[in-house]
Amino acid sequence: MKYVALNDLHASLGAKMIEFAGYNMPVLYTNLIQEHLAVRNSVGVFDVSHMGEFRLKGPKALDLIQSVTSNDASKLFDGKIQYSCLPNDKGGIVDDLLVYRWNAEEYYLVVNASNIEKDWNWISQHNTFGVEMVNMSDDMSLLAVQGPNAIKALQKLTAVDLGSMEYYSFKVGTLAGIDEVIISNTGYTGAGGFELYAMNKDARKLWDAVFEAGKEFNIIPVGLGARDTLRLEKGFCLYGHDIDDATSPIEAGLGWITKFTKKFTNSEYHKSLKENGVKKKLVGFEMIDRGIPRQHYKIKDASGNEIGEVTSGTQSPSLNKGIGMGYVKTDFSKLDTEIFIEVREKLLKAKVVKVPFL
């Protein structure tokens, strides 16, 4: 079991701690719906220091990134971030990730906690370019300050003009008296806000300053439970649920991060899927009958034939109804198609809807 720098703080705040991706992490502090709505309507803070960070440096850093990622990183400029994925050689995805461009010869990759070692080994295996790679995952803390009031709270702590920062851009500056904080206009909630990267030694100072600045907005700590419901309402894929080693980004609706203007791992396979069509598609659905869909529940047609499987599902705190995502046979992927989710041997009616859900 690994522990983030603020582990003891979370325990002292009464957080329910669980093992997640090999880390002891806060899943809940008080009430999931309260935490969810605080982020959606005001501001909340997630400790997501379990995420992985790699630095790639050298004249051929971009060449390595281009060869292992699906998106076109040549479009990046200094201070810009890109969402991408690492295709494997079997038609699936090693992981999804963020690519940060420092300059023409230095990039950061931010990867999922559960895949740090796997991703490191995969990229290292393809590093025939002499790129210097540094795994910084154990040295960095990451606080996600999310919600519409995040910018008002954080602006008190820095001279960096947060309002002028575009979505998916970052700056390095002083925040809360801490030098060289990476201030990133990103998040996994769709509620707006910033992600703050700092060294472990500065994590407590950063946490305390953010909570003091957010006091007037009733800022609260938020666990991974609400992070999951927030991301699902926005239709964001979760690795190990909606994408994995066996699913193509084309099947997952991630064609927009899969660019065939360059060669990357197994690109011809994904290009053929795009050109010839797929047999299954990731869709969003909402429940018509009362019920909460969960991962691995079967999706069926009106006759009870299996047509797919739920990958993510929950009771949406914002919409107060069951929502989910899952792969279905392409014939059942059109909007408003009636489908049925098998919940405890009962077929509950649902329909395919457009994501995001809100």
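Refer to the structure presented above.
Computed from a predicted structure; not experimentally measured.

Scoring rules and cut-offs
- Starting afresh in each chain, residues are numbered from 1 along the sequence in its written order.
- Local features in a predicted model are, by the rule used here, given only for residues with pLDDT of at least 70; side-chain atom pairs are given and counted only at 80 or more, and totals for whole chains, interfaces and linings are based on all residues.
- Water and hydrogen atoms were dropped before computing side-chain values, which therefore reflect all heavy atoms in the structure.
- Being paired, for any two strands, means DSSP has found at least two bridges between them.
- In this description a helix means any DSSP run of H or I spanning at least four residues, a strand means any run of E spanning at least two, and both kinds are numbered starting from the N terminus.
- Throughout, an axis means a line fitted to C-alpha atoms (over the contacting stretch in the case of helices), and angles, computed between N-to-C directions, take values from 0 to 180 degrees.
- The criterion used for residue contact is that any of the two residues' heavy atoms lie within 4.5 Å.
- Roughly parallel means an angle under 35 degrees; roughly antiparallel means over 145; roughly perpendicular covers 65 to 115; every other angle is labelled oblique.
- Left-handed describes a crossing whose near helix is turned anticlockwise from the far helix by less than a right angle; the clockwise case is right-handed.
- Definition used for salt bridges: Asp or Glu carboxyl oxygen within 4 Å of a side-chain nitrogen of Lys or Arg.
- Any residue under 20% of the maximum accessible area for its type is buried, any over 50% is exposed, and the rest in between are partly exposed; the area is computed with a 1.4 Å probe on protein chains only.
- The arc under discussion is defined with respect to the helix axis, by the directions toward the C-beta atoms.
- Side-chain rings of Phe, Tyr and Trp, where Trp is taken by its six-membered ring, are said to pair if the distance between their centres is within 6.5 Å; with planes under 30 degrees apart they count as stacked, over 60 as edge-to-face, and otherwise as tilted.
- Two kinds of site are reported from a 1 Å grid over the protein atoms alone, namely cavities, where a 1.4 Å probe fits but cannot get out, and pockets, open sets with protein on both sides within 12 Å along at least five of seven lines, and residues are called lining when an atom falls within 4 Å of a point.
- Grid points are joined across faces, edges and corners, and a volume is the space filled by probe spheres set on the points.
- Here the nonpolar group is Ala, Val, Leu, Ile, Met, Phe, Trp, Tyr, Cys and Pro; Asp, Glu, Lys and Arg are the charged ones; every other residue, Gly included, is treated as polar.

A. View of the sheet that holds strand 18 (residues 321-329). Pairing is antiparallel in the closed barrel, where six strands are placed in the order 15-18-17-16-19-20. Taking the axes of each pair of neighbouring strands and ignoring which way they run, one obtains an average angle of 45° across the sheet. Relative to strand 17 (residues 306-316), strand 16 (residues 298-300) runs antiparallel, the two being bridged by three bridges. Opposite Ile-299, over in strand 17, you have Gly-308 as the bridge partner. The sheet strands contacting helix 7 (residues 224-233) are strand 17 and strand 18, and the helix crosses strand 17 at an angle near 120°.

B. Broad picture of the packing of helix 2 (residues 32-41) against helix 7. For the pair helix 2 and helix 7, interaxial distance at closest approach is 9 Å and the crossing angle is 55°. Taken together, the axes of helix 2 and helix 7 are oblique relative to one another. Viewed along their axes, helix 2 and helix 7 form a crossing whose handedness is right-handed. Residues Leu-32, Glu-35, His-36, Val-39 and Arg-40 of helix 2 touch helix 7, and the partners they reach there are Gly-225, Ala-226, Thr-229, Leu-230 and Glu-233.

C. Representation of the pattern of salt bridges in the model. Evaluation of the coordinates by the stated rule reveals 21 salt bridges. Lys-300 is the salt-bridge partner of Glu-342, the closest N and O atoms lying 3.2 Å from each other. Residue Glu-342 is located in strand 19 (residues 338-343), and its partner Lys-300 is located in strand 16; the two are separated by 42 residues in the primary sequence. Under the relative-accessibility criterion, Glu-342 is labelled partly exposed at 26%. Given a relative accessible area of 14%, Lys-300 falls into the buried group.

D. Broad picture of helix 8 (residues 267-276). Within helix 8, the full set of buried residues consists of Ser-267, His-270 and Leu-273. Summarising the axial view, the buried residues of helix 8 lie within an arc of 125°, below the 170-degree limit, and thus occupy one face. Facing away from the buried side of helix 8 by over 90 degrees, the exposed positions are Glu-275 and Asn-276. Here the buried face of helix 8 lies against strand 6 (81-87). Of the residues trailing helix 8, Gly-277 is marked for its positive phi of about 95°.

E. How the structure looks around the environment of Phe-129. Assignment of secondary structure puts Phe-129 in the loop between helix 4 (116-125) and strand 9 (132-135). Owing to a relative accessible area of 28%, Phe-129 belongs among the partly exposed residues under this scheme. Taking the C-alpha atoms as reference points, Phe-129 and Asp-63, separated by 66 residues in sequence, lie 7.4 Å from one another.

F. The arrangement of the sheet that holds strand 3 (residues 23-28) in detail. With mixed pairing, the three strands of this open sheet are ordered in space as 1-3-2. Every interior strand has two partners, whereas the edge strands, strand 1 (2-3) and strand 2 (16-20), have only one. Looking at chain direction, strand 2 and strand 3 are connected through five bridges and run antiparallel. Within the sheet, the bridge partner assigned to Phe-20 lies in strand 3 and is Tyr-23.

G. How the structure looks around the packing of aromatic side chains. Following the criterion strictly, the structure yields 10 aromatic pairs and no others. Judged by centre distance (5.9 Å) and plane angle (85°), the rings of Tyr-100 and Tyr-197 are edge-to-face. Within this pair, whereas Tyr-100 is found in strand 7 (residues 93-103), its partner Tyr-197 is found in strand 13 (residues 193-199), the two being separated by 97 residues in sequence. In this structure, Tyr-100 and Tyr-197 share a single accessibility class: buried. Ring geometry for Trp-102 versus Tyr-108: centroids 4.0 Å apart, planes at 25°, classification stacked.

H. Representation of unusual backbone geometry in the model. Looking along the chain, the bond that leaves Val-355 and enters Pro-356 is cis, with omega of 5°. Mapping Pro-356 onto the fold places it in the segment after strand 20 (346-353). One non-glycine residue, Asp-336, lies in positive phi territory at about 70°. Along the chain, Asp-336 turns up in the loop between strand 18 and strand 19. Unusually for a residue other than glycine, Glu-345 sits at a positive phi of about 65°. On the secondary structure map, Glu-345 appears in the loop between strand 19 and strand 20.

I. Quick peek at the layout of surface pockets. Of the volumes computed, that of the second largest pocket is approximately 250 Å³. Contributing to the lining of the second largest pocket are 15 residues, with Tyr-108, Met-140, Glu-180, Ile-182 and Met-199 lying nearest its centre. Elements supplying a minimum of two residues to the lining of the second largest pocket: strand 8 (106-111), strand 12 (178-184) and strand 13. With four residues, the single largest contributor to the lining of the second largest pocket is strand 12. When grouped by side-chain class, the residues that make up the lining of the second largest pocket number 10 nonpolar, no polar and five charged.

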